[in-house]
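# Notes for the structure review
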Amino acid sequence: VDEAFSQDKLSSRKYAKIKACYDFCIETDKISESVAEKWQEYIYGDGSENYVIPYDETLKYLDSVEQNSACAKSIISYYKFMTAYYTDKDADTTLAFMKQAYDEAGDFGYMFVSSYMNAAWNFKDYDLLNTLTQTALKRNPKDTLAEYYSIKSAVITGDFDAANNFCEQIKANDPESLTYY
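Residues numbered from 1 in each chain as written. Predicted model: local features only at pLDDT ≥ 70, side-chain atom pairs only at ≥ 80, totals over all residues. Heavy atoms only, no water.

## Observations regarding the packing of aromatic side chains
Tallied over the full model, the rule gives 10 aromatic pairs. For the ring pair Tyr85 and Tyr86, a centre distance of 5.7 Å and an interplane angle of 80° mean the geometry is edge-to-face. The class for Tyr86 is partly exposed, based on a relative accessible area of 33%. Site record: aromatic cluster; members linked through ring pairs are Tyr78, Tyr79, Phe81, Tyr85, Tyr86, Phe112 and Phe123. Looking at Lys89, its charged tip hangs above the ring of Tyr55, at a distance of 4.2 Å from the centre. (Phe/Tyr/Trp six-rings, centres within 6.5 Å; stacked < 30°, edge-to-face > 60°. Buried < 20%, exposed > 50% of the residue type's maximum accessible area, 1.4 Å probe, protein only. Lys NZ or Arg CZ within 6 Å of the ring centre and 35° of its normal.)

## As for the side chain of Thr83
Within the secondary structure layout, Thr83 lies in helix H4 (residues 70-86). Excluding its chain neighbours within four sequence positions, the residues that come into contact with Thr83 are Trp39, Ile53, Tyr55, Thr58, Leu59 and Leu62. (Helix = DSSP H or I, 4+ residues; strand = E, 2+ residues; numbered from the N terminus. Contact = heavy atoms within 4.5 Å.)

## Here we look at the nonpolar core
Side chains of a nonpolar character, in soluble globular proteins, are inclined to be buried together. Grouped together as the largest cluster of nonpolar side chains are 43 residues, with contacts concentrated most on Val35, Leu62, Tyr79 and Phe112. Breaking this core down by element, the ones donating at least two residues are helix H2 (16-43), helix H3 (55-64), H4, helix H5 (91-104), helix H6 (113-122), helix H7 (126-139) and helix H8 (144-156). With 9 residues, the top contributor of residues to this core is H4. Discounting chain neighbours no more than four positions away, the residues touching Val35 are Tyr61, Leu62, Val65, Ile76 and Tyr79. (Core = buried A, V, L, I, M, F, W, Y, C linked by side-chain atoms within 4.5 Å.)

## A few points about the packing of H6 against H7
Between H6 and H7, the least distance of the axes is 8 Å, while the angle of their chain directions is 155°. Between H6 and H7, the angle is such that the two are roughly antiparallel. Relative to H7, H6 is oriented so that their crossing is left-handed. In this structure, H6 uses Val113, Tyr116, Met117, Ala120 and Trp121 to contact H7, whose residues at the interface are Tyr126, Leu128, Leu129, Leu132, Thr133 and Ala136. Of the residues assigned to the contact of H6 with H7, the class counts are 10 nonpolar, 1 polar and no charged. (Axes fitted to C-alpha atoms, helices over the stretch in contact; angles between N-to-C directions. Parallel < 35°, antiparallel > 145°, perpendicular 65-115°, else oblique. Left-handed = near helix turned anticlockwise from the far one by under 90°. Nonpolar A, V, L, I, M, F, W, Y, C, P; charged D, E, K, R; others polar.)

## What about the pattern of salt bridges?
This structure, assessed with the given rule, holds 2 salt bridges. Measuring nitrogen to oxygen at the nearest pair gives 2.4 Å for the salt bridge that ties Lys80 to Asp63. On the criterion of sequence distance, the pair formed by Lys80 in helix H4 and Asp63 in helix H3 is long-range, its members being 17 residues apart. Between Asp103 and Lys99 there is a salt bridge, with its nearest N and O atoms 2.4 Å apart. Taken together, the positions of Asp103 and Lys99, both in helix H5 and 4 residues apart, correspond to about one turn of that helix. Judged by relative accessible area, which is 42%, Lys99 ranks as partly exposed. (Salt bridge = Lys/Arg side-chain N within 4 Å of Asp/Glu carboxyl O.)

## Quick word on the environment of Thr135
Position of Thr135 among the secondary structure elements: in helix H7. A C-alpha to C-alpha distance of 8.9 Å links Thr135 and Ala146, two positions 11 residues apart in sequence.

## A look at H4
The terminal C-alpha atoms of H4 lie 24 Å apart, and with 17 residues this matches the ideal 24 Å at 1.5 Å per residue to within 8%. Counting buried positions along H4 yields 13 of 17 residues, so the element is predominantly enclosed. Positive backbone phi, approximately 55°, marks Asp88, located one or two places after H4. (Expected span 1.5 Å × (residues − 1).)

Here you go:
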């Protein structure tokens, strides 16, 4: 974006959505950088490669991070999701943090959708997975991960006609896609 747009051009009404997305991404990077180092200290607290995450202490740290924007709130919720996931918390707890991150990001929730789909799949919440894949495919009809999970979910739930329809849709949208096969 920095190379393609001058600040004046980027600030124009015509490019308001691009600027908003760009600003969100920049803020995401800054927040993630500031949180990631400390968060990893909690994960690898004993210096080994084994996860030793003090769940309550980690959440207390994350709650202490300044969250004065939707972006900051969504990133902190995402780190809470990862904390819950890596400490083997139940599906409701873990998915609630992911939903919070997704919702708090507003128009930019799509940046969390691959993690959200993966979590829904891992927790066998196929209704949620179907909702997420359809939302992702509306936004990007060539989202290969959403295509992949649409097919897997249909197969696992025994809806082979839907799985076949997803495959045909993928082939129609992108004849070169390997997901079809």
